[in-house]
Amino acid sequence: MNTLVIVLIAAVCLLAAYLLYGRWLANKWGIDPKAKTPAVTKEDGQDYVPTDSNTVFAHQFSSIAGAGPVTGAIQAAVFGWVPVLLWVLLGGIFFGAVTDFGALYASVKNEGKSMGLLIEKYIGKLGRKLFLLFCWLFTLLVIAAFADMVVGTFNAYTVTDGVTTLVANAQVNGAAGSISLFFIGFAMIFGLIERKWKFTGWKETVLGLVFTFASLALGMMFPVYLSKGAWALVVFAYIFFAAVVPIWLVKQPRDAMTVYMFIGMIAGAVLGLLVAHPTMNLKPFTGFTASLGDMFPMLFITVACGAVSGFHSLVSSGTSSKTVANEKDMLKVGYGAMVLESLLAVVALCVAGSMAAADGTPASGTPFQVFSTGVASFLTSFGLPEYVANCFMTMCVSALALTTLDAVPRIGRMCFQELFSVDDMEHAPLWRKVLCNKVFSTVLTLALGYVLTQIGYTNIWPLFGSANQLLSALVLVTLSVFLKVTGRNNKMVFPPLVIMLAVTGTALVEKTIALVNAFTAGTGTFMVEGLQLILAVLLMVLGVTIVVNSLRAYFHAKKDSEGVAVAGKQA
């Protein structure tokens with residue numbers, strides 16, 4: 001089948017969903033353009049910052065569209081491209097976008113409260129504590145998985161029999177790392193200029209594009225050759241900095257610049273599919289069992305971002321809700337960013353399909369390598385020099401992970417701070433003040449995340465996927481309570497809630513059994529299987545406890561008990 005047809009069908013479905021289902025949700029829940037959002041009422045110049053809707057959209061999209069849409073869709077293609085396409089479309093429209101939009105909506109309607117504080121309000125203090133602990137553990141998995149991807153992409157050296165040599169694509173890897181460093185520097189300048197002169201519209205776009213092209217040009221001219229370990233130190237130093245400085249200084253301007261790169265990457269992929277319109281060489285369906293395991297639950301766990309992801313709700317309620325300047329922007333930011341991510345997953349699937357052999361054999365290499373090589377080949381066919389195309393795509397795929405990485409530590413340290421914070425922090429014991437300190441909580445989060453990088457990306461991804469999808473189910477439970485007690489329609493959250501609980505429960509049990517069997521057979525080690533087993537058990541216990549408490553709260557809650565107006569009126 002022609003890959004271009006697949007992309008066009010997906011684009012039409014996702015656009016229709018945004019215009020019809022997304023607007024239906026907004027109408028049912030109620031949007032008040034005249035209401036003052038938390039960004040306005042609680043502006044502090046740090047986290048609460050009224051921001052242009054395009055910038056908030058860029059932050060939301062670049063934060064959620066990490067490595068997941070590319071990695072998950074290509075990995076899950078072992079079941080065939082049809083199951084992946086169906087799950088991305090159905091999951092993105094009815095699961096992921098509902099969760100993201102719902103989390104953003106609930107947070108904005110509750111003074112920008114994070115999901116943990118929303119759970120305390122609607123589920124109870126115990127539920128909040130357990131959820132925050134769950135989220136914090138989850139952010140450690142995200143940091144470990146995505147950091148390992150990034151430093152592996154930038155790594156210029158390999159060690160063979162004790163001898164260190166440059167890898168074959170050392171220059172491209174070094175250039176991608178150098179581009180990232182220039183990118184961060186220019187992003188800070190971009191943020192300062194925007195802050196001082198309030199650049200918006202075409203001025204913001206032009207300035208962002210100039211800095212983006214300058215980063216690419218300088219990075220390619222001056223590649224940085226470092227080992228994986230050295231890059232790990234650089235990356236962790238950067239994400240620490242990004243987690244503690246005001247969001248407008250690095251995160252928001254970097255997200256805006258990253259979106260320009262993503263647009264170029266997606267445009268290159270789509271244009272390549274349009275001009276070359278290659279055949280989808282991957283098999284439509286390979287069977288219910290593949291190298292990943294059984295289709296249920298592994299398809300739904302492997303394809304998280306792009307279909308549904310609990311992490312997205314942490315971005316929606318943790319950062320985006322504190323920057324939305326007008327309630328009417330929530331549909332674009334919450335629902336719109338998710339369906340665009342679903343389209344990225346479809347494009348990645350089609351690129352992988354074009355790279356597969358005629359007999360359906362998938363292209364060799366990691367999902368990153370397959371996608372990067374595929375789009376780079378499209379760009380070179382348009383006359384772009386091979387070195388430029390390879391550097392651009394290597395930087396793009398690493399930026400996919402890096403944009404998530406510089407959001408997660410901030411969210412992780414916020415979860416950790418909320419876990420130990422009390423109302424009267426001024427008179428709190430010293431130990432509680434230390435744990436709630438911004439720097440201490442960030443360092444602790446990153447240190448444990450660094451330890452987990454030793455497990456390796458390929459080993460930690462299934463556990464990350466299971467935790468991610470369980471997190472989405474926990475968020476949906478909370479949304480069901482919020483919508484009920486505020487007198488809003490909540491029926492749309494129950495199908496995804498039930499399905500995600502079944503999927504994640506099955507996946508975590510299967511993963512735990514596999515890890516126990518590895519130890520029983522004597523093939524397991526503590527740093528790999530041991531750490532995974534500890535985390536899997538903790539996540540299961542926390543997840544079950546939170547679900548039980550949440551369901552109890554739901555059935556005890558009275559409809560419209562908060563006395564909030566129904567849809568279409570101020571909440």
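### Describing the overall build of the protein chain
Scanning the protein chain for helices and strands turns up 22 helices and four strands. Relative to a compact globule of 571 residues, whose C-alpha radius of gyration would be 25 Å, the protein chain shows 22 Å and is just as compact. Burial status across the protein chain gives 61% buried among its 571 residues. Expressed as a percentage of contacts within the protein chain between residues at least 6 apart in sequence, the contacts between residues at least 24 apart total 85%.

### A few points about the packing of helix α3 (residues 53-64) against helix α11 (residues 251-276)
Put simply, α3 and α11 touch, their axes get as near as 8 Å, and they point 75° apart. With respect to each other, α3 and α11 are oriented roughly perpendicular. Between α3, through Thr55, Ala58, His59, Phe61, Ser62 and Ser63, and α11, the contact on the second element is made entirely by Lys251, Gln252, Asp255, Ala256, Thr258, Val259 and Phe262. Among the residues forming the contact of α3 with α11, the class breakdown is five nonpolar, six polar and two charged.

### Description of the environment of Phe285
Mapping Phe285 onto the fold places it in the loop between α11 and β3 (289-290). Those residues within four positions of Phe285 in sequence are excluded, and the remaining contacts are Phe79, Gly80, Pro83 and Met295.

### Structural notes on the pairing of strand β1 (residues 157-160)
As defined by bridge partners, β1 adjoins strand β2 (residues 163-166) across four bridges and the pair is classed as antiparallel. Within β2, the position partnered with Val159 by the bridge is Thr164. The loop that links β1 with its antiparallel partner β2 comprises two residues; one of these, Asp161, has a positive phi angle of about 55°.

### Some remarks on the nonpolar core
Core analysis: the biggest nonpolar cluster contains 196 residues, and Met265, Tyr335 and Phe371 have the highest contact counts within it. The greatest single-element share of this core, amounting to 20 residues, is contributed by helix α7 (residues 125-154). Excluding anything up to four places from it in sequence, Phe371 contacts Val70, Ile74, Met265, Ala348, Val351, Met393 and Val397.

### A word on the pattern of salt bridges
Evaluated as defined, the whole model comprises nine salt bridges. Taking the shortest distance from any N to any O, the salt bridge between Asp255 and Lys251 comes out at 3.1 Å. Here Asp255 and its partner Lys251 are both found in helix α11, four residues apart, which amounts to about one turn of the helix. Looking at Asp255, the relative accessible area reads 0%, which means it is buried. Classification of Lys251 as buried rests on a relative accessible area of 3%. Taken together, the salt bridges that share partners define one network made up of Lys251, Arg254, Asp255 and Asp406.

### What about the environment of Met188?
For Met188, the position within the fold is in helix α8 (residues 170-197). Met188 sits 363 residues away from Leu551 along the chain, and the two C-alpha atoms are 45 Å apart. Look past the residues within four positions of Met188 in its chain and what remains in contact with it is Phe241, Leu249 and Val250.

### With respect to the side chain of Thr51
Turning to its location among the elements, Thr51 is positioned in the loop between α2 (38-41) and α3. Sequence-distant contacts of Thr51, that is, excluding residues within four places in its chain, are made with Val56, Gln252, Thr323 and Ala325.

### Remarks on a nonpolar patch on the surface
Together, Val451, Phe526, Met527, Ile534 and Leu538 make up an exposed nonpolar region whose accessible area comes to about 420 Å². Sort the elements by how many residues they give to the nonpolar patch and helix α22 (residues 526-556) lands first, with four residues. Within the secondary structure, Val451 sits in helix α19 (residues 438-452). By relative accessible area, Val451 is classed as partly exposed at 36%.

### With respect to α7
With 30 residues, α7 should reach 44 Å at 1.5 Å per residue; the first-to-last C-alpha distance of 43 Å fits that figure. In terms of burial, α7 is a largely internal element, 25 of the 30 residues being buried.

### Some thoughts on the environment of Lys129
Considering the arrangement of structural elements, one finds Lys129 in helix α7. Taking the C-alpha atoms as reference points, Lys129 and Phe416, 287 residues apart in sequence, are found 9.8 Å from one another.

### Observations regarding unusual backbone geometry
A cis amide bond links Phe296 with the next residue in sequence, Pro297, at an omega value of 20°. Summarising the element assignment, Pro297 is placed in helix α12 (residues 295-302). One non-glycine residue with positive phi stands out, namely Glu111, at about 60°. For Glu111, the location among the structural elements is in the loop between α5 (81-108) and α6 (115-122). By relative accessible area, Glu111 is classed as partly exposed at 48%. Unlike most non-glycine residues, His277 shows phi in positive territory, near 30°.

### Structural notes on helix α21 (residues 494-520)
Compared with the 39 Å implied by 1.5 Å per residue over 27 residues, the 39 Å span of α21 between its first and last C-alpha is a close match. Taken as a whole, α21 has its buried residues at Pro496, Leu497, Met500, Val503, Thr504, Ala507, Leu508, Lys511, Thr512, Leu515 and Ala518. A positive phi of about 80° marks Gly522, the residue just after α21.

### Some thoughts on the confidence of the model for the protein chain
With 98% of its residues at a pLDDT of 70 or more, the protein chain shows a mean pLDDT of 90. pLDDT under 50 marks residues 565-571. Its contacts with residues more than four places away, or in other chains, come to 18 contacts.

### Looking at the packing of aromatic side chains
Inspection of the entire model under this criterion finds 25 aromatic pairs. Ring geometry for Phe416 against Phe420: centres 5.0 Å apart, planes inclined by 55°, an arrangement best described as tilted. Of this pair, Phe416 and Phe420 are both found in helix α17 (residues 408-420), four residues apart, which corresponds to roughly one turn of the helix. Here a set of aromatic residues connected by ring pairs shows up, and it is made of Tyr18, Tyr21, Trp24, Phe94 and Tyr335. Positioned above the aromatic ring of Trp197, the side-chain terminus of Lys196 is 5.6 Å from the ring centre.

Conventions and cut-offs
- Residues numbered from 1 in each chain as written.
- Predicted model: local features only at pLDDT ≥ 70, side-chain atom pairs only at ≥ 80, totals over all residues.
- Heavy atoms only, no water.
- Helix = DSSP H or I, 4+ residues; strand = E, 2+ residues; numbered from the N terminus.
- Rg over C-alpha atoms; globule rule 2.2 N^0.38 Å.
- Buried < 20%, exposed > 50% of the residue type's maximum accessible area, 1.4 Å probe, protein only.
- Contact = heavy atoms within 4.5 Å.
- Axes fitted to C-alpha atoms, helices over the stretch in contact; angles between N-to-C directions.
- Parallel < 35°, antiparallel > 145°, perpendicular 65-115°, else oblique.
- Nonpolar A, V, L, I, M, F, W, Y, C, P; charged D, E, K, R; others polar.
- Pairing = 2+ DSSP bridges.
- Core = buried A, V, L, I, M, F, W, Y, C linked by side-chain atoms within 4.5 Å.
- Salt bridge = Lys/Arg side-chain N within 4 Å of Asp/Glu carboxyl O.
- Patch = residues over 30% accessible without salt bridge, like charges linked within 9 Å, V, L, I, M, F, W, Y side chains within 5 Å.
- Areas by Shrake-Rupley, 256 points an atom, 1.4 Å probe, with all protein chains shown as cover.
- Expected span 1.5 Å × (residues − 1).
- pLDDT = per-residue confidence, 0-100.
- Phe/Tyr/Trp six-rings, centres within 6.5 Å; stacked < 30°, edge-to-face > 60°.
- Lys NZ or Arg CZ within 6 Å of the ring centre and 35° of its normal.

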